[in-house]
Amino acid sequence: MSASSSQDAARRPRGAHPWRGVIEEYRDWLPVDDDTPVITLGEGGTPLVHSPWLSRLVRGEVHVKVEGSNPTGSFKDRGMTAAISVAVAEGAKAVVCASTGNTSASMTAYAARAGLTPIVLVPHGRIAAGKMAQAVMHGAEVIQVRGGFDECLQISRGLADTYPVALVNSVNPVRLQGQKTASFEIVDVLGRAPDVHVLPVGNAGNISAYWIGFREYAEAGVAQDTPRLWGFQAAGAAPIVRGAPVPDPDTVATAIRIGNPASWRLAEAARDESGGRIESVTDEQILTAQRELGAREGIFVEPASAAGVAGLVAAAEAGQVEPGLTVTVTVTGHGLKDTETALSGVESVVDSVIDADVSAAAEVAGLA
Ligand code: AN7
């Protein structure tokens, strides 16, 4: 390199390629036009992190798509930038959603940004504290329903049918359009579609959105083919696996405590058209996967997010993953949202208490 060109390089500002949020990055693929106001918090562009641990287990290459890195800490931001932008374009003044916590955290942030009134319906109890704090900080009207997520969704639909308020649950198709950008990013970074993509399933919007994205890229020739989609529900909330709604779903993974998913049929289509599978994992498998991911890979996720990882581990241990595959796994939300569950299995957060003394610290740390 000549002296002058290296000087040019030095003069260029570093970090000169800011990520602009999924609407600007993937505008041509989304249902927006030049007049749509872009309500964004810079979502998307999340890390795709290679996992040596999971790669060893499946005898292939596994990458983790870390969606907890989105502005409100979950993948919901991708769909929400799209849904709220379109709602504003259509003249909405108020927005409503039912939520197990992450949809409401995201919706209220984007609504605040857009100057809309956010109304959220959450199930009685069992919402992680971090998610509730988010809705409160974003100025939401929070309504707790004596019932589960499925009842909350019914009421949200009822409100939107009768009153001047826009529904932004994933039954709003614009949400899935925004969420499909995660598939685009995976292909853009890998330079190809993975062989298998793994993710947790709750209300089943995300698996449906990923399938839209992978298919669109294949149809446009950006990718050569599409991955098999492997979805995992929590055993106590696994209606798609059972083939029937679960009236009283229960799991430590509160985000996916859903007994009658809105996108049930779309998820089945995604599974079948991709040659994939939707199965369940126990709470114990979920919590183990959560801990391993944190301790081995430095990635702290909430329990629901670990369901996909748990499913992949189980499949690998059962010899169901042929060697040599490229596998991507989405971890959907950040562990900081639910520290209570993360710490609940921990005997003692503090291992030792000592006086302010280096040698005492060295001794209890096993260094001396
Ligand atoms: C961390 O926030 O349904 O199968 O109301 O928060 O697309 O529903 C959350 C779902 C996975 C499941 N991981 O995704 C809500 C809500 C996390 C989640 C899911 C959710 P979908």
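Just so we're clear, the structure is a prediction, and the values are computed from it rather than from any experiment.

## Some thoughts on the environment of Leu287
Then, number 1: When you line up the elements, Leu287 lands in helix α13 (residues 283-297).
Then, number 2: Judged by its relative accessible area of 23%, Leu287 falls in the partly exposed class.
Then, number 3: A sequence separation of 93 residues divides Leu287 from Pro194, and the C-alpha atoms of the two residues are 26 Å apart.
Then, number 4: With near-sequence residues (within four places) excluded, Leu287 lies in contact with Val252 and Thr341.

## Considering the sheet that holds strand β4 (residues 117-123)
Then, number 1: Spatially, β5-β4-β3-β6 is the arrangement adopted by the 4 strands of the open sheet, whose pairing is parallel. If you trace the sheet from one side to the other, it starts and ends with β5 (141-145) and β6 (166-167), each paired once.
Then, number 2: Taken together, the 5 bridges between strand β3 (residues 94-98) and β4 define a ladder with parallel strand orientation. Paired with Cys97 across the two strands is Val120, which belongs to β4.

## Examining the environment of Leu312
Then, number 1: Along the chain, Leu312 turns up in helix α14 (residues 306-317).
Then, number 2: For the pair Leu312 and Thr251, spaced 61 residues apart in sequence, the C-alpha separation works out to 19 Å.
Then, number 3: Sequence-distant contacts of Leu312, defined by excluding residues within four places in its chain, comprise Val58, Val62, Val198, Trp230, Phe232, Val321, Val327 and Val329.

## Some remarks on the site of the ligand
Then, number 1: Lining the immediate environment of the ligand, one finds 24 residues, of which Asn102, Thr103, Asn203, Asn206 and Thr332 sit closest.
Then, number 2: Gly205 has a polar backbone atom sitting 3.2 Å from an oxygen atom of the ligand.
Then, number 3: One of the backbone nitrogen or oxygen atoms of Asn206 is found 2.7 Å away from an oxygen atom of the ligand.
Then, number 4: Contact with the protein chains removes 98% of the 470 Å² of surface that the ligand exposes when unbound.

## A closer look at the pattern of salt bridges
Then, number 1: Scanning the model with the defined rule gives 17 salt bridges in all.
Then, number 2: When the shortest N-O distance is used, the salt bridge between Arg215 and Glu219 registers 3.9 Å. Taken together, the residues span about one helical turn, with Arg215 and Glu219 both in helix α10 (residues 205-219) at a distance of 4 residues.
Then, number 3: Where Arg271 meets Asp272, a salt bridge forms, and the shortest distance between an N and an O atom there is 2.8 Å.
Then, number 4: Here the residues in one salt-bridge network are Lys65, Glu67, Arg78 and Glu185, joined through shared partners.

The rules behind each value
Residues numbered from 1 in each chain as written. Predicted model: local features only at pLDDT ≥ 70, side-chain atom pairs only at ≥ 80, totals over all residues. Heavy atoms only, no water. Helix = DSSP H or I, 4+ residues; strand = E, 2+ residues; numbered from the N terminus. Buried < 20%, exposed > 50% of the residue type's maximum accessible area, 1.4 Å probe, protein only. Contact = heavy atoms within 4.5 Å. Pairing = 2+ DSSP bridges. Near = heavy atom within 4 Å. Polar contact = N/O pair within 3.5 Å; in protein donor to acceptor, adjacent residues only side chain to side chain. Areas by Shrake-Rupley, 256 points an atom, 1.4 Å probe, with all protein chains shown as cover. Salt bridge = Lys/Arg side-chain N within 4 Å of Asp/Glu carboxyl O.

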